[in-house]
Amino acid sequence: MFNLTSNSILRDDMIETLKNDKAGALVVFEGWVRDHNQGKKVSSLEYQVYEALALKEGTKILHEAKHKFNLHKIICTHRFGHLLLGDSAVWVGATATHRDDAFKATRFVIDQIKHRLPIWKKEHYVDEKPQWVFCRDHHTHVHFHEDDYYQKQAKVTSQELLKKSNVLVVGAGGLGCPVLTALSSAGVGHIDVVDFDTISISNIHRQPLYSPEVVGEKKVTVAKNKLAALNPFIHVHGHDARIGSENVERMIQGKDLILDCTDNLETKFLLHDACFKLRIPLISASIYQFEGQMRTFVPSQGSGCLRCTHATTPDDSKLGNCNDFGVLGSVVAVMGSIQANEAILFLTEKKNNTQTETFYFNLKTLSQMKIKNLKKTDCPTCEGNVEIEADDLEIDTSMLHQMDAHLVDVREMSEDCLRAFTNASKPVVVYCHRGMRSKRMVKEMRTQGFAHFYSLKGGACSL
Amino acid sequence: MKSINVQYFALLREEAGIEKEQISVDCKTYGELYQHLQSKHKFTLPMDMIQVAVNDEFSLLNLEIMDGARIVFIPPVAGG
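Position numbers for residues start from 1 in each chain and track the written sequence from start to end. Labels follow written order: the first chain is A, the first ligand is 1, and so on. Local features in this predicted model are restricted to residues whose pLDDT is 70 or higher, and side-chain atom pairs enter the listing and the counts only when it is 80 or higher, whereas totals over whole chains, interfaces and linings include all residues. Side-chain descriptors were evaluated using all non-hydrogen atoms of the structure, hydrogens and water having been removed beforehand.

Colleague: Help me understand the environment of alanine 311 of chain A in this model?
Modeller: Going along the chain from the N terminus, every DSSP run of H or I of four or more residues is numbered as a helix, and every run of E of two or more is numbered as a strand. Mapped onto the fold, alanine 311 of chain A is located in the loop between strand 15 (291–297) and helix 10 (322–325). Take alanine 311 of chain A: its relative accessible area is 69%, and that puts it in the exposed class. Per-residue accessibility, obtained with a 1.4 Å probe over protein chains only, is compared with the maximum for each type, and a residue is labelled buried under 20%, exposed over 50%, and partly exposed between these values.

Written out as structure tokens, the structure is:
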């Protein structure tokens, strides 16, 4: 029940319509007319409303809240016309069996009203001419100036160049969180982030964009919303995908810089090869316990590439990942911040510290080392002669649903468990936690001549 | 030529100096119509801050104008 009124809101009547013996909680939000805004003394407010559309949109918002949360009832009344100090401008009330739903729903409704309802506010001031209050940015409706946001960094960087920049961050995990936070708040104008993972409780200690209440949600979705709220003056786009040979070129195309915040060599090499093919700069960082390494690749600069030293992609199984060797939030925060700082320097000055030398940091001993990169003469990758090999080892969940296959969970199984399926009459789709180990196992079966094995892209996370 | 009704709210109403007008235009899209009205009424809000409603439903600026439509250009809102 959504209403518009030019009369005072009658709180008692509103509460009366919400009464219900099954409800254990009533949460009410009331918006008041206050006497100041942005340093000006406010004397009264005037609300103008596009009634037909506001009623439709307001009703829609309440329906959405009922759908999203477990409520008994939710109602809202918005005032229009001339309001005086202390008047109640908007009243939202939600009842639910438990308080959490009522709190969340009330918050949701008032936030949506602010964004979507065609209602406009004119502030009348004590000493100045009245003014329509517009939100400077229609994404967030904040009443702040962009210049003020960046005030304290104006002397150390070029805001204009950052705003024009268009970067892709691959991975929204341990490194991705500090990188994304730093780039967003610095004002990098267009940030795309790609990740396929869902948030688990064991991520949160080192990935501060997430909290326990969003466990189970997609990292890109939560990260995108957090970053958009952190800096309303930039554009952030999330892509729920895993980087693979089939999408890597499309993902990096047209970007000024790629930031590799992934945690496995296969993806790191794939990104690297694609960046050299399309001549796009890349900053890559990796962590091992208290140590980290970082390198910037600028294909046009001729300071070598990974293929100068590694003709074939090293096998991830020999290395392990964060799950195996352990990782601290403080370490990824430092490394991610350095990576973001290198990115900011590169975007604004075309020069940073990790182009000709790879940096190694050890936070246990607080020491660092720089090693000059090797450039092999006639390295085809350096020249951009790169073949991104199509990978037919994997299928995704939509393909899985269309096929008749054995589905094998290898999370608790040994490496040779697939032997039992060598004579299977149907395709065998194998999955582990995230689809890395299962892919290696499938690759091994393929090299032995068994073509009917596939790995599930994204692993159990994608099911 | 299409005959349409345009209604104004908030700052747009003040800048236009009228609440509504019935006009005939040969613009193709709502975006073009806004640009046309912007130069006519000296609207200060850039188009990327504007949404459009057609017959009391949110619509898109790049859609083609419906003949006889009731059109409202919606400045950034501030409910609450």
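Colleague: Please explain the pattern of salt bridges as it appears in this structure.
Modeller: A side chain of one charge can pair with a side chain of the opposite charge if their charged atoms are brought near each other. Within this document, salt bridges are pairs made up of a side-chain nitrogen of Lys or Arg and a carboxyl oxygen of Asp or Glu, the two lying within 4 Å of each other. On inspection of all chains with the given rule, the structure shows 31 salt bridges over all chains. Between arginine 11 of chain A and glutamate 30 of chain A there is a salt bridge, with its nearest N and O atoms 2.5 Å apart. Taken together, the residues span a long stretch of sequence, with arginine 11 of chain A in helix 1 (residues 11–18) and glutamate 30 of chain A in strand 2 (residues 25–32) at a distance of 19 residues. The shortest N-O distance in the salt bridge between glutamate 21 of chain B and lysine 40 of chain B comes to 2.9 Å. Of this pair, glutamate 21 of chain B sits in strand 2 (residues 20–25) while lysine 40 of chain B is found in helix 2 (residues 30–41), placing the two residues 19 residues apart along the sequence. Members of the salt-bridge network, linked through shared partners, are Glu57, Lys60, Glu64 and Arg116 of chain A.

Colleague: What am I meant to see in helix 11 (residues 329–349) of chain A here?
Modeller: Helical geometry note: an α-helix holds 3.6 residues per turn, so side chains three or four residues apart project in the same direction. One fewer than the residue count of a helix, multiplied by 1.5 Å, yields its expected span. In this model, helix 11 of chain A (21 residues) spans 30 Å end to end at C-alpha, consistent with the 30 Å of a helix rising 1.5 Å per residue. At the C-terminal side of helix 11 of chain A, lysine 350 of chain A shows a positive phi close to 60°.

Colleague: Would you mind showing me how to read the pairing of strand 5 (residues 70–74) of chain B here?
Modeller: Every regular strand shows the same layout, with side chains that alternate between the two sheet faces. All names here are of chain B. The element strand 5 is largely enclosed, with a buried count of 4 among its 5 residues. Pairing analysis gives 3 bridges linking strand 1 (residues 2–7) to strand 5, with the strands arranged parallel. Counterpart to asparagine 5 in the pairing with strand 5 is arginine 70. By the convention used here, strands pair only if DSSP detects at least 2 bridges between them. Where strand 3 (residues 51–54) meets strand 5, 4 bridges bridge the pair, whose relative direction is antiparallel. By the bridge assignment for strand 5, valine 54 is matched with isoleucine 71.

Colleague: Please explain the sheet that holds strand 5 of chain B as it appears in this structure.
Modeller: Picture the strands of a sheet paired through backbone hydrogen bonds; they go either parallel or antiparallel. Here we have 5 strands laid out as an open sheet, ordered 2-1-5-3-4 (chain B), and mixed in their pairing. Strands at the two margins of the open sheet, each flanked by one partner only, are strand 2 and strand 4 (57–59) of chain B. Strand-to-strand, the axes of this sheet are offset by a mean angle of 35°, without reference to chain direction. Relative to the sheet, helix 2 (residues 51–68) of chain A contacts strand 3, strand 4 and strand 5 of chain B, its axis offset from that of strand 4 of chain B by approximately 90°. Running at roughly 115° to strand 2 of chain B, helix 2 of chain B makes contact with strand 1, strand 2, strand 3, strand 4 and strand 5 of chain B of the sheet. Note on geometry: axes are C-alpha line fits, over the in-contact stretch for helices, and angles between N-to-C directions span 0 to 180 degrees. By definition in these notes, contact holds between two residues if any of their heavy atoms fall within 4.5 Å.

Colleague: What's the story with the interface of chain B and chain A in this structure? I'm lost.
Modeller: Interface size is commonly expressed as the accessible surface area that is lost when the partners come together. In this complex, chain B contributes 21 residues to the contact, which on the side of chain A involves 29 residues. Carbon and sulfur atoms make up 61% of the area that chain B and chain A hide from each other, which totals about 2100 Å². Counting every contact that joins chain B to chain A gives 2 salt bridges. Of the charged contacts in the structure, one is a salt bridge between glutamate 57 of chain B and lysine 56 of chain A, with a shortest N-O distance of 3.2 Å. In the analysis that follows, any N or O atom pair within 3.5 Å is treated as a polar contact, provided that within protein one partner can donate a hydrogen and the other can accept it, and provided that, for residues neighboring in sequence, both atoms belong to side chains. The interface formed by chain B and chain A contains 8 residue pairs in polar contact (both at pLDDT 80 or more). The term buried area refers to how much accessible surface (probe radius 1.4 Å) is lost by two components on association, counted for both of them together.

Colleague: I'm lost on the nonpolar core in this one. Help?
Modeller: In globular proteins that are soluble, nonpolar side chains generally tend to be buried together. Membership of the largest hydrophobic core comes to 45 residues, with the highest contact counts inside it found for Leu183, Tyr210 and Leu259 of chain A. At the level of secondary structure, the elements contributing two or more residues to this core comprise strand 10 (166–170), helix 6 (176–186), strand 11 (190–195), helix 7 (219–230), strand 13 (257–260), strand 14 (282–288), helix 11 and strand 16 (357–362) of chain A. Ranked by residues supplied to this core, first place goes to helix 11 of chain A with 8 residues. When near neighbours in sequence (up to four residues on either side) are disregarded, leucine 183 of chain A contacts Val167, Val169, Val188, Ile191, Leu259, Ala340, Ala343 and Ile344 of chain A. For the purposes of this section, nonpolar cores are sets of buried Ala, Val, Leu, Ile, Met, Phe, Trp, Tyr and Cys residues that join through side-chain atoms within 4.5 Å. Core analysis: the second largest hydrophobic core is formed by 34 residues, Tyr50 of chain A together with Ala10, Tyr34 and Ile65 of chain B among them.

Colleague: Please clarify how the packing of aromatic side chains should be interpreted in this entry.
Modeller: Any two aromatic rings considered together are summarised by their centre-to-centre distance and by the angle between their planes. Any two rings among Phe, Tyr and Trp, with Trp reduced to its six-membered ring, count as a pair given centres within 6.5 Å; such a pair is stacked if its planes are under 30 degrees apart, edge-to-face if over 60, and tilted if neither. Taken as a whole and assessed by the stated rule, the structure comprises 10 aromatic pairs over all chains. Judged by centre distance (5.2 Å) and plane angle (20°), the ring pair of tyrosine 50 of chain A and phenylalanine 9 of chain B falls under stacked. Within this pair, whereas tyrosine 50 of chain A is found in the loop between strand 4 (40–49) and helix 2, its partner phenylalanine 9 of chain B is found in the loop between strand 1 and helix 1 (10–16), the two belonging to separate chains. Here the two residues tyrosine 50 of chain A and phenylalanine 9 of chain B agree in accessibility, since each one is buried. Of the aromatic side chains, those joined through ring pairs into one cluster are Tyr8, Tyr34, Phe43 and Phe73 of chain B.

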